[in-house]
Each structure stands twice: as C-alpha cells, then as structure tokens.
Number of protein chains: 2
Amino acid sequence: MKITSPRRIVGSNAERTRLHNRQVVLGHVSEQQPVGRAELARISGLSTQAVSNIIAELVEDGFLAEAGRQVAGRGLPALQYRLNGHGAAALGIEVRPDAMFGALVDLEGETLFTTRIALTDSAPASVAAAAREIRAGALVARPMKNQRLLGAGVVMPGPFGNVGISGAGQSALQGWGETDATALFEEALETAVIVENDATAAAVAERVRGVASGLRTYCFIYFGAGLGLGMVADGEVQRGAFGNAGEIGHVVVTPGGRQCACGNRGCLETYASRIAARTELAAAGIELASASDIERLYHENNPALMAWLDAAAAPLSQAIGMIENLFDPETVILGGAMPNAVLDHLIGGLSLAGGSVAVRPGRKTPRVMRGACGRLTAALGGAALVIHDTITPRIAAKT
Amino acid sequence: MKITSPRRIVGSNAERTRLHNRQVVLGHVSEQQPVGRAELARISGLSTQAVSNIIAELVEDGFLAEAGRQVAGRGLPALQYRLNGHGAAALGIEVRPDAMFGALVDLEGETLFTTRIALTDSAPASVAAAAREIRAGALVARPMKNQRLLGAGVVMPGPFGNVGISGAGQSALQGWGETDATALFEEALETAVIVENDATAAAVAERVRGVASGLRTYCFIYFGAGLGLGMVADGEVQRGAFGNAGEIGHVVVTPGGRQCACGNRGCLETYASRIAARTELAAAGIELASASDIERLYHENNPALMAWLDAAAAPLSQAIGMIENLFDPETVILGGAMPNAVLDHLIGGLSLAGGSVAVRPGRKTPRVMRGACGRLTAALGGAALVIHDTITPRIAAKT
DNA sequence: CCTATTAATTCAACTAACTTGAATATTCAA
DNA sequence: TTGAATATTCAAGTTAGTTGAATTAATAGG
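Residues numbered from 1 in each chain as written. Chains lettered and ligands numbered in written order. Predicted model: local features only at pLDDT ≥ 70, side-chain atom pairs only at ≥ 80, totals over all residues.

1. Points about helix α9 (residues 303–327) of chain B
The criterion, for reference: Helical segments are the DSSP runs of H or I of at least four residues, strand segments are the runs of E of at least two, and each set is numbered from the N terminus. What a helix is expected to span follows from its residue count: subtract one and scale by 1.5 Å. Two axes are fitted around each residue, one to the seven residues ending there and one to the seven starting there, and the angle between them is reported as the bend at that residue.
For α9(B), with 25 residues, the first-to-last C-alpha span of 35 Å sits near the 36 Å given by 1.5 Å per residue. At B:A313, α9(B) shows its largest bend, some 30°, and a proline, B:P315, comes one to four positions later.

Structural data, given as structure tokens:
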C-alpha cells in the first residue's frame, strides 16, 4: 500500500495568498476564540482591512460566527468571532482488519455521528464499499445542508509498504499490494482524503480537542494493535520519508531481550503493548475476547495483568526518555485502545530518567499525560487531521 | 543560554509573496541547476512571466547567473540559470569551550575562508569578541564588494538551557546563564544570526554540499564532544520545543549498562562517542592529546581503540535502528569530529536490525552513509544553515 | 453631564505582484 | 523553405493587500 505523496515546493500568488491567510485567520481564531478583527490583525501581521475582508468571507462561508461584543476599556467594543461548528465537518474513518469505524466531526471538534461496520475481509474493494457506506450513513444522520464536508481522514494500521516489520503485527491488511490508498478512498468518498496511521491521527485528535490543545510540539504513544508514536513538531505532523515514522513498537529497548515477531529481540512492543498483555495473559490461561476484558481484569486486580503492567513500566520509561531526548517535546501523551485506568496505572508506574532534556526548571506541562480522546481516538483523529489541515496554514502543496 | 524563538503564524501579502517566490525559485535552481525559466515555471506552479520577473531580480541582485542556452529539441533554446556563488556568502562560527572556528561559505557551498581563534575563557563577552574578530577576518580575506553577507550561523554545543543532561559532557559553556545567544551574536556580528547545535548544523552542511544533497528527510549522527543527532524532515530542520531535539547521546540503549555522567545508566554516549573512546584508551594508559591521535592509533591498529570500536558497534546499530523506526529517514549519515577511517570502520562493523521500516525493496540510498564534510563540518554547517534558510521557502515567521 | 480620548471598524484610493493572451524569437522536422 | 514547437517578452487585466481618512462607540476626566 502506498500513501505518501512528495511535497512540491510551489510559488504563491494572490489566490494562494488568500487561501493561506484564511487558514491563518482560522488558526488564530481557533486558538484565541472569541477574538475580534483588530486583535487578529495584530497577531497575524495583516492589516485590519485585510482581516476584515477575510472574516467577512469566512462568515459568509459559514466557518466563523459572530460572538457578541467585547466591552473592555475605551473605544468601540470589538465584535468577537468564533469557529462555527455547524459550518463544516470532516469525516474520519478507521480501518482495522475486522471492522471499520466512522466518525463525523465538526469544525469545533464536536463529534456529530459515529458508526461501526464489520468487515468480512479487508481487501481494497470491501474496504472501499464500507467507506462509502460510512459516508452515506454520516450524511443521512447529519444532512449537510449549508455545511461543507471538508474531507475525510482515513486511519490505517502502519507500516505502509513492504518494509522490514510488515506482517509482524496482526494488524496488516491483506491484499493491498501496491494499491494507492489515497486515490482509492478519494474515489470512494468523493472528497479529499488524507491517509495516516493510527498514532499520528490520535496525536492530532488530542490537539483539535484534547490534552494537546495549545501545544505545538508533542508526541503521542498509541496503544493500537502494536505500539505507535505520533509526532507533531511545531504544529507539523511528522510522517517520515515514506510515511512510516513513529514505529516505536519495534525500537529495541532491551538488546537480546524478548523475541519479537519482526525478527528483532527486545522490541518495546514485546513489553508495552496489547500484544504483550495478551501474551502474558495467555500464559496464565486467560484469553482476551473483547476490549473491555482488560478493564475488567484490571479492576479485578488480576495477577497476570498486574505482572504485565509491572514488566512494561521500565521499557516504557526508557522509551519515553528516548523520545524526550530525541524530540524535545513539550509533553508525551499516552493513549489509544487501552482503558483509562490501565493508562493511568502505567503512567503512575513510570520511573522517568533524570538524564533527559525534559528535566528543566519551570516546566508547565507534566512529562507524561494521558490522552483525553478515549477509544474512538483513531477515527476521531482521522477527522481531526482534516480539520487540522483546514486550520493550519501551509504553503508547500502536495503533488 | 536561550536560543529558541517561537514561530508565529503570520499572514502573507504581496511583498511576502514575492519573498517566498524568490526562495522557491532559488530552491529549485539549486536543486536542478542549470535550469531555464519555463522549466522553473512548470515546477514552481508560477506563470512564466512571474518566474521571468523574479529571475531578472535575482540576477540583478547577484544571486543567479546565466549559464548558456540549452539546445534540446525544437523551439527556442532555453536560457539556463545557476546559483551565482560570488553573489552572496554566509558566515559560519563554531563555538567550543577552548576555541572558535570560522568559515565563510558562498551560495554554492564553496568555502571561501576558514580560521581558528583560541579562547582563554568561554564567557559571553569573550566569545562575542572572538566572533567579531572572525567576522572581520573573513571580510578582510574576502572583501564583499557586490557580495552580500546573508547572515551568520553560530554553532554551539547543546543542550540549551538548564536541563537534565546539562553538564554531563565537557562541552558546556560556562557563565552563559540566561544569556540570549542569538541577540548577543546579532549585536556582535551585525547581521542576522541562527544559533544551532553542532549535529543539526552538520546535517544541514551535508545537504548544502555533501552526501545529503537532494535528500529531504534524513538524520545525521554527529560525533562531537558527546553524540548528537541532526534531523531534517521534509527539508525542515527539527529543533524540538526548546531547541534540544537530537540529544541521542543520552538515550539509553542498554538498561543498567555503563554509568553516564548524566545520571542514567546505559546511555549511547558511554559506548559510541569520543568520550567513550577516551575512557577506553585512558584505561589502557593512553591519553588523547589531539584529534589526530585517534587516526594514528587507528592506523596502528591499537588494541584499546579496536576494543572500543568493537564495543561501540552493537549500541550504535541499535540506535540507528531506533532512528529508522522513529523517523523513517531516507538515510542515516555518520560524521563529525572523528577520522573518516574510523567512521568507515564503524559503519562497516554495524549489524543493522532486520526489523526496521528502513528495510524495503528498491532502496536507493544505503541505510547508513559517511558524511562528506569532514572535521570542519560544524562551522561549515553554521554557514550552511544560513544558505539553507535563504533557499528554503517558509511562510511561518519568527517572532 | 459633557467632551476629549481611545479603539475598532469601514470606506475609498492606491499598489504590488501575479495571470493571461498576444507577439516575437529561435530551433527542428518535413 | 515552411510550419510546428518551445521559450521569452510585452501589455493589459485581476486579485488581494495596504494606507489614510472617516465613522462609530465606548471610557475618563473635568
């Protein structure tokens, strides 16, 4: 499966300038709302007149709404604006080997609709058909009258392409070969599509509506089928050269340690992941049937689960230290398909290294936080990617 | 010491559009040169007319030079353009606790002048004075008649600020407290200044004139005082939230392993770095006096050095696997203050993990390469940062 | 309570930079 | 030799941003 499209550095003209400036204004509104024209002009470096024109256009298009007047001190009270949730929405779709999840999310990050469709097989055609079904369902549930469908974010398990760790997890989709996933979904969904891995989507979801709101540089450790890392640096999502950045599950934390399906020994995934939990529980004769099993076992204080949690703490702490020293993020977020109680326990059990650039006076955020978006993170994240793209200015265009 | 200045998302106008487009054109010329106006219009997405105007301006300003006509098939042969090395230059300055290095590099990456100034102390005032001296020396050696000094890149040993690994290496500068390094150097050098760590500078140096030319996403493992990682993602330098990204030396590769000065156990730096080599050699009663000592010992097949090289191979391989899985770069480059022969030996001795997203069919670049810029990398890198900035378009402006 | 001051917003004229379409120049192919 | 192909330039037109003056609405101070 292919997903990356190299960026082309393109020039700008009046039209693209306006597009950029619209995004700039939207971005600042989403961060500062409610906010007035003059204030926006100051932070964006544009003239008041330009901001005024752009805001008029955005209100006209339904992206912004008036939000009263701010009476503060002398002078004409500023007319405030905020994002208009009803103005636009994005579709998020998570693809797993056995099922697909859909979510419709509005501009403000509000979830309007969610759905789940079981898959009998994960061949491209079946997935595309299910995607169409999700789209139709969403549009029936929330008929987009004046609303606009900004696009769709499709979340698929990485890694993409035939690389050294493909097939290591149970997550890989069969029969995708060299399929161009983006093109496939764009055709099926009749809208612009961004394809991403689950960890990245989750990271962005936290930014649009979660604990990362306001952060510009952070990482998200995602418990999915395996273990993934979503990275946002200076507001920009990091994908790597081939769309496979963030494969933290197969980073070796204990040389010569546990054998991993990828061939390496001592991969983080063999300690801190659902796979590891499942293995530990299976050894104790416990089969995990549904996702809620882990939560139940945790509340029962199940010894096998506790043993897994204990064993996961050190490798996970080590990995977090590594992330901190490599990325120097504002914070590291833990989340994904794992009960909050378990995530909290994991975070509580960490022993983070002192030798880290994250150890500094005057930290504002904790070194590690739990994600706020919960289980649906990935599908929501897909939508969040689209919203993020609408709101984050960028000049380099895709091919 | 402070160095980071948060980016502000600013709007664009006609003037900023032109600036952006100039950079776009310069960037494409530097990649494709020699190249004609029409071709540039196609790749930049601008009209021929716009490109034509911009090129006229760039020629006028001395950044571009005509390079004959391309006779290829029918039609009017395209007038070709290339970067004009003589048109502009950038100053690169590396600050070490005991000495400073300066380099003047032209637009094409050609080194015009280098110098070294010994430091008696590394207090801000002394460093600033030496910087002034370097600037003066460069301008005397290469009087910039029509040339323009684009700016200066100052390379300092990280980490920046008072963080968990400060003082672990012997590299830290004393007496800088909360000094704003950028402001200090801008005042001393009377030009725009970029402050970066050595690894990042080295990475960019390889892109401007080295093995990374043409790459957009890669990493550079830098042997300096400690060990650093420079990262370029989609052409963008990665600094992290506080300018300390890439502190790979203090990533734990062997839990419970060798004690590191930072407090951690098993840091990569205790195996693969000059510090590690020095320790290993000291244990064998050998003191390293100058940089060339390592080279001599290597050619003498010194057993202590060889033992160090052997011990470094596994941790380094593990770290490279980690980098690959986290960043998914096109390649990983090894370089810095280490003789080429030793770097080559290290690369030859690597046993890279099979479980890596870097293992893929149709790789064009090797997984690991040796840097081409040699010992002066850091100072050259400083200048390269400035040149890179001149040539790489970017809309988000600094505060 | 009135008036000067302050601040946001709008109006109207102006400008920079890009686009478009026609004209011109130069080469190759038939 | 002529026509097609391609690059470049010319000239007019368009978009979107800027500037400075006018308008509106609030507060502070006498």
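2. Re the interface of chain B and chain A
To be explicit about the condition: Here, residues touch in the contact sense if the C-beta positions derived from the backbone fall within 7 Å of one another. Charged residues are taken to be Asp, Glu, Lys and Arg, nonpolar residues to be Ala, Val, Leu, Ile, Met, Phe, Trp, Tyr, Cys and Pro, and polar residues to be all remaining types, Gly included.
If you look at the interface, chain B gives 66 residues, while chain A gives 66 residues. Those elements that place two or more of their residues in the side of chain B that touches chain A are α1 (14–32), β11 (227–233) and α9 of chain B. With seven residues, the top contributor of residues to the side of chain B that touches chain A is α9(B). Residue composition of the side of chain B that touches chain A, grouped by class: 33 nonpolar, 27 polar and six charged.

3. With respect to the protein's contact with DNA strand C
Quick note on the threshold: To decide nearness, the C-beta atom of each residue is placed from the backbone, and the residue is near a molecule or strand if that atom lies within 6 Å of it.
DNA strand C sits among 31 residues. The nearest are A:N13, A:R37, A:G75, B:S47 and B:A50. If you list the elements that add at least two residues to the surface near DNA strand C, you get α2 (37–44), α3 (48–60) and β4 (78–83) of chain A together with α1 and α3 (48–60) of chain B. In terms of residues, the surface near DNA strand C owes the most to one element, α1(B), which gives five residues. Considering only residue class, the surface near DNA strand C consists of twelve nonpolar, 14 polar and five charged.

4. Details of the packing of α1(B) against helix α2 (residues 37–44) of chain B
Relative placement of two packed helices is described by the angle separating their axes and the distance separating the axes. Residue and element names in this part refer to chain B. The cut-off we apply is this: In this description, a line fitted to the C-alpha atoms serves as the axis of each element, helices being fitted only across the stretch in contact, and the angle between N-to-C directions of two axes falls anywhere from 0 to 180 degrees. Between 65 and 115 degrees an angle is taken as roughly perpendicular, under 35 as roughly parallel, over 145 as roughly antiparallel, and anywhere else as oblique. Crossings are sorted by hand: turned counterclockwise from the far helix by less than a right angle, the near helix makes the crossing left-handed, and turned clockwise it makes it right-handed.
Remark: α1 packs on α2, axes separated minimally by 10 Å, with the N-to-C direction vectors making an angle of 110°. What the angle tells us is that α1 and α2 run roughly perpendicular. In the packing of α1 onto α2, the handedness of the crossing is right-handed. Note on element contacts: α2 touches α1 through L40, I43 and S44, opposite V24, V25 and H28. In terms of residue class, the contact of α1 with α2 is built from four nonpolar, two polar and no charged.

5. Describing the environment of A:A201
All names here are of chain A. This is how the line gets drawn: Residue burial here comes from a neighbour count, namely the number of other C-beta atoms, placed from the backbone, that lie within 10 Å of the residue's own C-beta, with 20 or more meaning buried, 12 or fewer meaning exposed, and in between meaning partly exposed.
Inspection of the secondary structure puts A201 in helix α6 (residues 198–209). Of the residues examined, A201 has 33 C-beta atoms within 10 Å and is grouped as buried. Sequence-wise, A201 and A50 are 151 residues apart; in three dimensions their C-alpha atoms are separated by 33 Å. In this structure, A201 is in contact with G153, V155, E196, A378, G381, G382, A384 and L385, ignoring residues within four places of it in sequence.

6. With respect to the environment of B:A38
All names here are of chain B. Turning to its location among the elements, A38 is positioned in helix α2. Separated by 172 residues in the primary sequence, A38 and G210 have C-alpha atoms spaced 28 Å apart. Excluding anything up to four places from it in sequence, A38 contacts T48 and A78.

7. Some points on the protein's contact with DNA strand D
As a structural note, the neighbourhood of DNA strand D is formed by 32 residues, with A:S47, A:A50, B:N13, B:R37 and B:G75 the closest of them. Top contributing element to the surface near DNA strand D by residue count: helix α1 (residues 14–32) of chain A, with five residues.

8. Description of the sheet that holds strand β12 (residues 236–237) of chain B
Residues and elements named next belong to chain B. Which entries qualify depends on this criterion: By the convention used here, strands pair only if DSSP detects at least 2 bridges between them.
Pairing in this open sheet of five strands is mixed, and the strands run β12-β11-β10-β13-β14 from one edge to the other. Lying at the two open borders of the sheet, with one neighbouring strand each, are β12 and β14 (368–370). Across six bridges, strand β10 (residues 218–223) lies against β11 in antiparallel orientation. Bridged to Y218 within β11 is V232. Strands β13 (331–336) and β14 of the sheet are contacted by helix α10 (residues 340–348), whose axis makes an angle of about 170° with β14.

9. Structural notes on the domain arrangement of chain A
Note the threshold: Each domain's extent was defined by an automatic or database domain assignment.
Here chain A is partitioned into domain 1 (7–85), domain 2 (88–204 + 379–398) and domain 3 (215–372). Each of domain 1 of chain A and domain 3 of chain A has a C-alpha centre, and the two are 39 Å apart.

10. Re the packing of helix α7 (residues 274–283) of chain A against helix α9 (residues 303–327) of chain A
Residue and element names in this part refer to chain A. Across the interface, α7 lies against α9 with an axial gap of 9 Å and an inter-helix angle of 135°. Comparing their axes, α9 and α7 come out oblique. Along this stretch, α7 crosses α9, giving a crossing that reads as right-handed. Of the residues in α9, those touching α7 at A276, A277, E280 and L281 are A304, L305, A307, W308 and A312. Taken together, the residues of the contact of α7 with α9 sort by class into eight nonpolar, no polar and one charged.

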